[in-house]
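Below are the chains, spelled out letter by letter.
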Amino acid sequence: MEAAIQKKATMFRLNVDLIERLKEMARKEHRSLNNFVECILLDVAYNEPNAVTKAAIEEARSGKLRNVPPVDTSSVEAMFNCQERRREAKVERVKR
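**Student:** I keep staring at the packing of helix 1 (residues 16-28) against helix 2 (residues 33-46) and nothing clicks. Help me out?
**Tutor:** The geometry of a pair of packed helices is captured by two quantities: the angle between their axes and the separation between those axes. At a minimum axis distance of 9 Å, the contact between helix 1 and helix 2 shows a crossing angle of 100°. Here helix 1 is positioned roughly perpendicular relative to helix 2, judged by the angle of their axes. Contacts between helix 1 and helix 2 pair Leu 22, Lys 23, Met 25 and Ala 26 from the former with Leu 33, Phe 36, Val 37 and Ile 40 from the latter. In terms of residue class, the contact of helix 1 with helix 2 is made up of seven nonpolar, no polar and one charged.

**Student:** Looking at this structure, how should I read the environment of Thr 73?
**Tutor:** Take Thr 73: it is sitting in the loop between helix 3 (51-62) and helix 4 (76-95). For the pair Thr 73 and Ala 60, spaced 13 residues apart in sequence, the C-alpha to C-alpha distance is 9.6 Å. When sequence neighbours within four positions are dropped, the list of residues in contact with Thr 73 reads Arg 61 and Met 79. In terms of polar contacts, Thr 73 uses its side chain to reach the side chain of Arg 61, at 3.1 Å.

Conventions we followed
Residues numbered from 1 in each chain as written. Predicted model: local features only at pLDDT ≥ 70, side-chain atom pairs only at ≥ 80, totals over all residues. Heavy atoms only, no water. Axes fitted to C-alpha atoms, helices over the stretch in contact; angles between N-to-C directions. Helix = DSSP H or I, 4+ residues; strand = E, 2+ residues; numbered from the N terminus. Parallel < 35°, antiparallel > 145°, perpendicular 65-115°, else oblique. Contact = heavy atoms within 4.5 Å. Nonpolar A, V, L, I, M, F, W, Y, C, P; charged D, E, K, R; others polar. Polar contact = N/O pair within 3.5 Å; in protein donor to acceptor, adjacent residues only side chain to side chain.

Purely geometric stuff here, so don't read any function into it on its own.
Spelled out as structure tokens, the structure:
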């Protein structure tokens, strides 16, 4: 019989907008907020990218990909905004 995983209740103070965003993301995956956040934290804490992935991340950050500006990875919101600007630039290039 497997031993039960010990868990401890912990409280964090988080930005209200971040909590709402996490709740929305958890709801889309039909998961509890607690389970969703725990899985994200487990992934960050225990899943180290391999050498190929690290090289791809560095390449994306450098801006060497197809003459496009570097990806802003300072936050999820910044990354989404960067992607939106890239889409808009692509539409403009197609129009020309």
